[in-house]
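Observations on the three-dimensional arrangement
Each chain, written out:
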Amino acid sequence: MITLGTERLTLRGLREDDLDAIASLNADPEVMRYIRDGSVRDRDQSAEALRKMIRDWETQGFGLFAVELREGGAWAGWVGLAVPEFLPEVLPTVEIGWRLDRRFWGHGYATEAATAVLRFGFNVCDLDRIVSIRHVENTRSKRVMEKLGLPCEFHTAVPGDERPVAVHATTREQYQADHGSRPPDPA
């Protein structure tokens, strides 16, 4: 399993023993406010999602990373790469996304972790394009996307629930022009 490091964070593959933390994260209405229809997930739904997250690494060669603080080892949430099947009009592509426990909002952790994952996606996984999709009212994620250099390409709606979303994106060529092509730092 791949592990990445940043100045303040360790990013590692998700494991079965992350279920308590993921279930807690998914049960917080404020965390889930802009995710899909905004409803919280129960423990069984979180367990099924975790199993899929673990399988994605095996089938795709990329996936979601658990985010832990280097100092103290607290589990802060997850950041990673996934195929955004919920929005077929952007496929084929890979999405970068994040979900952090509210206690860790406002510290720059999402941007720091996503910067390492973006580098991993382009310089290790050799992806050509990465998108990030947010509910149009999610200004926190919009700021992270802007800091990552992911400009808004267009607005659309998610089929089925018609939730309004903004699609942000960049290409490997643009990313490497701005940041170079060095691989991410190991943990």
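Details of the structure are given in the entry above.
In short, a report on the structure. (Residues numbered from 1 in each chain as written. Predicted model: local features only at pLDDT ≥ 70, side-chain atom pairs only at ≥ 80, totals over all residues. Heavy atoms only, no water.)

Some details on the pairing of strand β3 (residues 64-69)
Remark: a regular strand shows side chains that alternate across the two faces of the sheet. Formally: Burial classes follow relative accessibility: with a 1.4 Å probe on protein chains only, a residue under 20% of its type's maximum area counts as buried, one over 50% as exposed, and anything between as partly exposed. Segments assigned H or I by DSSP are reported as helices when at least four residues long, segments assigned E as strands when at least two residues long, and all are numbered from the N terminus. Should DSSP find at least two bridges between two strands, the strands are regarded as paired.
Within β3, six of the six residues are buried, which leaves it mostly tucked inside the rest of the structure. The pairing of strand β2 (residues 9-13) with β3 spans five bridges and is classified as antiparallel. By the bridge assignment, L11 is partnered in β3 with V67. As defined by bridge partners, β3 adjoins strand β4 (residues 75-82) across five bridges and the pair is classed as antiparallel. By the bridge assignment for β4, A66 is matched with W78. The antiparallel pairing of β3 with β4 creates a hairpin that spans five residues between the two strands, and G72 there sits at a positive phi of about 95 degrees.

Thoughts on the packing of helix α4 (residues 109-123) against helix α6 (residues 172-179)
Here is the rule: To get an axis, fit a line to the C-alpha atoms, keeping to the stretch in contact for a helix; angles then go from 0 to 180 degrees between the N-to-C directions. For classification, angles of less than 35 degrees are called roughly parallel, those exceeding 145 degrees roughly antiparallel, those between 65 and 115 degrees roughly perpendicular, and all remaining angles oblique. Helix crossings are classified by the rotation of the near helix relative to the far one: an anticlockwise turn of less than a right angle makes the crossing left-handed, while a clockwise turn makes it right-handed. The contact definition used throughout considers only heavy atoms, calling two residues in contact when any of these lie within 4.5 Å. In this classification, Asp, Glu, Lys and Arg are treated as charged, Ala, Val, Leu, Ile, Met, Phe, Trp, Tyr, Cys and Pro as nonpolar, and every other residue, Gly included, as polar.
Axis separation between α4 and α6 bottoms out at 10 Å; the angle between their running directions is 120 degrees. The angle between α4 and α6 falls in the class oblique. Crossing hand, α4 versus α6: left-handed. Judged by residue contacts, T115, L118, R119, F122 and N123 of α4 engage R172, Y175 and Q176 from α6. Of the residues belonging to the contact of α4 with α6, the class tally is three nonpolar, three polar and two charged.

Points about the sheet that holds strand β7 (residues 152-157)
Strand order across the open sheet formed by eight strands is β1-β2-β3-β4-β5-β6-β8-β7, with mixed pairing between neighbours. Only two strands of the sheet have a single partner each, and these edge strands are β1 (3-5) and β7. When the angles between neighbouring strand axes are averaged without regard to direction, this sheet yields 25 degrees. Bridge analysis of β1 against β2 gives three bridges, and the strand direction is antiparallel. Paired with T3 across the bridge in β2 is R12. Here helix α5 (residues 139-148) sits on the sheet in contact with β5 (94-100), β6 (129-135) and β8 (164-171), set at roughly 160 degrees to β6.

Quick word on the pattern of salt bridges
Let me state the cut-off plainly: Here, a salt bridge means any side-chain nitrogen of Lys or Arg that lies within 4 Å of a carboxyl oxygen of Asp or Glu.
This structure, assessed with the given rule, holds 15 salt bridges. Residue R12 is joined to D18 by a salt bridge in which the shortest nitrogen-to-oxygen separation is 2.7 Å. By relative accessible area, R12 is classed as buried at 8%. Here D20 makes a salt bridge to R43, at a shortest N to O gap of 2.7 Å. Note that D20 is positioned in helix α1 (residues 19-26) and R43 in helix α3 (residues 43-60), a separation of 23 residues in sequence.

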